[in-house]
Amino acid sequence: KAGVTQTPRYLIKTRGQQVTLSCSPISGHRSVSWYQQTPGQGLQFLFEYFSETQRNKGNFPGRFSGRQFSNSRSEMNVSTLELGDSALYLCASSLKGGQNYGYTFGSGTRLTVV
Amino acid sequence: AQSVTQLDSHVSVSEGTPVLLRCNYSSSYSPSLFWYVQHPNKGLQLLLKYTSAATLVKGINGFEAEFKKSETSFHLTKPSAHMSDAAEYFCVVSVPNSNSGYALNFGKGTSLLVTP
C-alpha cells in the first residue's frame, strides 16, 4: 500500500515568487491536511480538504491557498513568497479525518525562500 | 480551545532504561489524542492514538500511553529505550470545528536522546 507522496522534496525559491506543492494521499483516503513546520513556531495547521471541499482553515494569510481534486490529490499554493515562508510543509492523509481516524504524513517538502 | 502541553523539551535516557515523555491536555470534552514521532529529515509517524476506548493505549515499537482524565495527562512510556528511539516526539490533539472539519494541534515536541 503506497504511502503519502509529496512532491517535490526540496524547493528553493526567490522572495516574491509563488510556489505549488503537491500531495497524493493514500488510495481511498478522502481527507488531506497541510501543516507548516518551522523551528520557531513548530507544527501549525494550514487547511484541511475533504472530497474537494475545504472544511477547515488555520490562521494563515490569504497568500496560502489550496485545493483538492476529484482523485483526492491536493495542491498547496503560496504566492508572493516571504523569507519567513521557509519551512517544511507536511501533508497528512486520513480516511475521513477527525476523532476516530489516524493521520498518515508524507515526508514533506522543504521550501527555502532566498 | 483544545491544546496540549509537553512538559519537557529534552529528555535524555540511557539505552535499556525506561522512557517517560510527559503531555498534559486541555479540553472541554473527551479529546482524541495522538503521539507522533519524527526522525531527522523524515515525516511524522503515528505511534498510538486514544479515542475514548481503553485508557491504556498500546502503540508500535513497544510504546504505550495512559489517558488519565483526573490528571488531564497522556504520558508516553516505554519500558526499555533503544538507540533507534532517539527522535522528536509530538503529543497531538484533534480539534473539530463547526464545519465537520478537523485540525491537529501539536505540542512543541520533546527531543529524546538515548545514550549508550
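Residues numbered from 1 in each chain as written. Chains lettered and ligands numbered in written order. Predicted model: local features only at pLDDT ≥ 70, side-chain atom pairs only at ≥ 80, totals over all residues. Heavy atoms only, no water.

Draft legend 1. Up close: the overall build of chain B. Along the backbone of chain B there are zero helices and 12 strands. Secondary structure elements of chain B, listed N to C terminal, follow the sequence β-β-β-β-β-β-β-β-β-β-β-β. In terms of C-alpha radius of gyration, chain B reaches 14 Å, essentially the compact-globule figure of 13 Å for 116 residues. Considering only C-alpha atoms, chain B reaches an extent of 50 × 30 × 20 Å along its principal axes. In chain B, which comprises 116 residues, the proportion classed as buried is 44%. A separation threshold of at least 6 residues defines the contact pool for chain B, and within that pool the share at least 24 residues apart is 55%. With an accessible surface of roughly 5600 Å², chain B has 52% of that area assigned to carbon and sulfur atoms. (Helix = DSSP H or I, 4+ residues; strand = E, 2+ residues; numbered from the N terminus. Rg over C-alpha atoms; globule rule 2.2 N^0.38 Å. Buried < 20%, exposed > 50% of the residue type's maximum accessible area, 1.4 Å probe, protein only. Contact = heavy atoms within 4.5 Å. Areas by Shrake-Rupley, 256 points an atom, 1.4 Å probe, with all protein chains shown as cover.)

Draft legend 2. Highlighting the pattern of salt bridges. All names here are of chain A. As enumerated under the stated definition, the model contains eight salt bridges over all chains in all. A salt bridge links glutamate 82 to arginine 63; the nearest nitrogen and oxygen atoms lie 3.6 Å apart. In this pair, glutamate 82 is assigned in the loop between strand S8 (74-78) and strand S9 (87-94) and arginine 63 in the loop between strand S6 (53-57) and strand S7 (64-68), connecting sequence segments 19 residues apart. Residue classification places arginine 63 among the buried residues on the basis of a relative accessible area of 16%. (Salt bridge = Lys/Arg side-chain N within 4 Å of Asp/Glu carboxyl O.)

Draft legend 3. Layout of the packing of aromatic side chains. Here the structure, examined in full by the defined rule, presents 15 aromatic pairs over all chains. Look at phenylalanine 105 of chain A and phenylalanine 106 of chain B: their rings are 6.2 Å apart centre to centre, the planes differ by 75°, and that puts the pair in the edge-to-face class. Remark: phenylalanine 106 of chain B occurs in strand S11 (residues 102-106) and phenylalanine 105 of chain A occurs in strand S10 (residues 104-105); the pair is interchain, linking two chains. With respect to burial, phenylalanine 105 of chain A and phenylalanine 106 of chain B carry one shared label: buried. (Phe/Tyr/Trp six-rings, centres within 6.5 Å; stacked < 30°, edge-to-face > 60°.)

Draft legend 4. Focus on unusual backbone geometry. All names here are of chain A. The linkage connecting threonine 7 with the following residue, proline 8, adopts the cis geometry, with an omega of -10°. In this fold, proline 8 is placed in the loop between strand S1 (5-7) and strand S2 (10-13). Even without glycine at this site, threonine 80 takes up a positive phi of about 45°. Within the secondary structure, threonine 80 is located in the loop between S8 and S9.

Draft legend 5. Region of interest: the state of the cysteines. Taken as a whole and judged by the stated rule, the model has two disulfides over all chains. Each sulfur in the disulfide pair cysteine 23 of chain A and cysteine 91 of chain A lies 1.7 Å from the other. Since a negative S-S torsion denotes a left-handed disulfide, the cysteine 23 of chain A-cysteine 91 of chain A link at about -50° is left-handed. Residue cysteine 23 of chain A is located in strand S3 (residues 19-24), and its partner cysteine 91 of chain A is located in strand S9; the two are separated by 68 residues in the primary sequence. Each member of the pair, cysteine 23 of chain A as well as cysteine 91 of chain A, carries the same accessibility label: buried. Residue pairing for cysteine 23 of chain B: its cysteine sulfur links by disulfide to cysteine 91 of chain B, the two sulfurs lying 2.0 Å apart. Taking the sign of the S-S torsion, about -65° here, the bridge from cysteine 23 of chain B to cysteine 91 of chain B comes out left-handed. With cysteine 23 of chain B in strand S4 (residues 23-26) and cysteine 91 of chain B in strand S10 (residues 87-96), the pair connects residues that are 68 residues apart, well separated along the chain. We note that cysteine 23 of chain B, like cysteine 91 of chain B, is buried. (Disulfide = S-S within 2.5 Å.)

Draft legend 6. Representation of the sheet that holds S8 of chain A within the structure. Residue and element names in this part refer to chain A. Strand order across the open sheet formed by four strands is S1-S3-S8-S7, with antiparallel pairing between neighbours. The outermost strands of the open sheet, each flanked by one partner alone, are S1 and S7. The mean inter-strand angle of the sheet, taken between neighbouring strand axes irrespective of direction, is 15°. Two elements, S3 and S8, share five bridges in a ladder whose sense is antiparallel. Counterpart to serine 22 in the pairing with S8 is glutamate 75. (Pairing = 2+ DSSP bridges. Axes fitted to C-alpha atoms, helices over the stretch in contact; angles between N-to-C directions.)

Draft legend 7. The arrangement of the interface of chain B and chain A in detail. In this complex, chain B contributes 25 residues to the contact, which on the side of chain A involves 22 residues. Taken together, both faces of the contact between chain B and chain A bury some 1900 Å²; the carbon and sulfur share is 48%. Area buried by chain B at its contact with chain A is led by Leu44, Tyr102 and Leu104 of chain B, which between them contribute 29% of it. Applying the counting criterion to the chain B and chain A interface returns zero salt bridges. Counting across the interface, chain B meets chain A through seven residue pairs in polar contact (both at pLDDT 80 or more). Residue assignment for the side of chain B that touches chain A shows that the elements contributing at least two residues are strand S5 (32-38), strand S6 (44-50), S10 and S11 of chain B. For the side of chain B that touches chain A, the class distribution of residues is 11 nonpolar, 11 polar and three charged. (Buried area = accessible area lost by both parts, 1.4 Å probe. Polar contact = N/O pair within 3.5 Å; in protein donor to acceptor, adjacent residues only side chain to side chain. Nonpolar A, V, L, I, M, F, W, Y, C, P; charged D, E, K, R; others polar.)

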